[in-house]
Amino acid sequence: MSEATTGSNYMLNHYTRGYGHPRLVNILARLYGKLMRQDLNPMSDILVTVGAFEALHCACQGLINPGDEVSEIEENRLMIGHSIIRNWQQQFSSRTKAIFLNNPQNPLGKVYNSCELEFIADLCIKHDVICVSDEVYEWLVYDKKQHIRIAKFPGMWERTITIGSAGKSFSVTGWKVGWAVGPAHLISPMQLYHHHSIRTLCTPTQEAVAIAFEKEFELLQSSNSYFNTLQKDVELSRNQLCGYLSDAGIRPIIPGGGYFIVADISSIDTGENLNDCNDDDEPYDLKFVKWAIREKKVTMIPLSIFYSPEHRNLGEKYVRICFVK
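In this text, all values refer to a predicted model and were calculated from it rather than measured experimentally. (Residues numbered from 1 in each chain as written. Predicted model: local features only at pLDDT ≥ 70, side-chain atom pairs only at ≥ 80, totals over all residues. Heavy atoms only, no water.)

Trainee: What should I look at first to understand the packing of helix 2 (residues 22–36) against helix 9 (residues 203–217) in this one?
Mentor: How two helices sit against one another is set out by the angle between their axes and by the gap between those axes. Packing of helix 2 against helix 9 leaves a shortest axis separation of 8 Å and a crossing angle of 35°. The two elements helix 2 and helix 9 cross, and the hand of that crossing is left-handed. On helix 9, the residues touching R23, L24, I27, L28, R30, L31 and K34 of helix 2 are Q206, E207, V209, A210, I211, F213, E214 and F217. Broken down by class, the residue content of the contact of helix 2 with helix 9 amounts to 9 nonpolar, 1 polar and 5 charged. (Axes fitted to C-alpha atoms, helices over the stretch in contact; angles between N-to-C directions. Helix = DSSP H or I, 4+ residues; strand = E, 2+ residues; numbered from the N terminus. Left-handed = near helix turned anticlockwise from the far one by under 90°. Contact = heavy atoms within 4.5 Å. Nonpolar A, V, L, I, M, F, W, Y, C, P; charged D, E, K, R; others polar.)

Here it is in structure tokens:
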């Protein structure tokens, strides 16, 4: 980043190409072309965005029209078990335009296996549906699991948008550099929306991310790769925090990937303090989080906020805890 901001190339202090800094989209095309076994055009098959969140926003605004339906898996369904994926087909109709997939998944850290992804891919092809696959935790999978890209399944490249993030890849979330990779006919509407809303991104951060990927590209799948080291370090943090939580009587659900642990708080005795200064209408997990901050100086996220209102009660005995730091 220092080189990008203070080096001799003064053009890095000015606007760059709106759809993505040329150096960055070129290395992203090489990287994802190798990972997905596709010949990618960096100008038409990639859009660089203000973090992965803007990539999701551009997909919604550029590809979803009034009256279209979208499908996604809600947290409570994943907590019931894998069989719910088989019932996902019930959500598809003639109006279904897209499905949104998060793999590895936030907050539960589920890593989808090949059979699950193949089933989802078959549904997409059968119903002619776009797949928006948020894969920002692609380098953060544990227990020798593998991250499998749904865009690589037969018939899926032409209907899949894969979303990535420099913030998650290089632990620089404040830089807000994300991207979408896919066929030109899906990326083009996203580029158009991006152009008329954001227009362009910070040039030096894109340059710095490009340099980082150029260095890592030569080291992929080697023991010297940063991504290999990152995975091991973060997995160690996960294991340590799971141990601490268990010792405290909080039951962790061991995540297969990502940044977060979902943990069961139902066995924790908070005495009479939980209701002292909380609204009776608040979910139990929200009351618990406020209590934990006040009494134990521990910050957690109430899991019920990840649910739709009608299912919110299913998450109120759980919290989300970040272990990456």
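Trainee: How should the sheet that holds strand 4 (residues 130–134) be read in this particular structure?
Mentor: Working definition: the strands of a sheet are paired by backbone hydrogen bonds and lie parallel or antiparallel to each other. Strands sit in the order 1-6-5-4-3-2 across an open sheet of 6 strands; the sheet is mixed. Every other strand in the sheet has two partners, leaving strand 1 (46–49) and strand 2 (69–72) as the edge strands with one partner each. Each adjacent strand pair in this sheet contributes to an overall mean axis angle of 20°, direction not counted. Where strand 4 meets strand 5 (residues 160–165), 4 bridges bridge the pair, whose relative direction is parallel. What sits directly across from D134, in strand 5, is I163. Running at roughly 30° to strand 1, helix 8 (residues 184–197) makes contact with strand 1, strand 4, strand 5 and strand 6 (178–181) of the sheet. (Pairing = 2+ DSSP bridges.)

Purely spatial values, then, with no claim about function.
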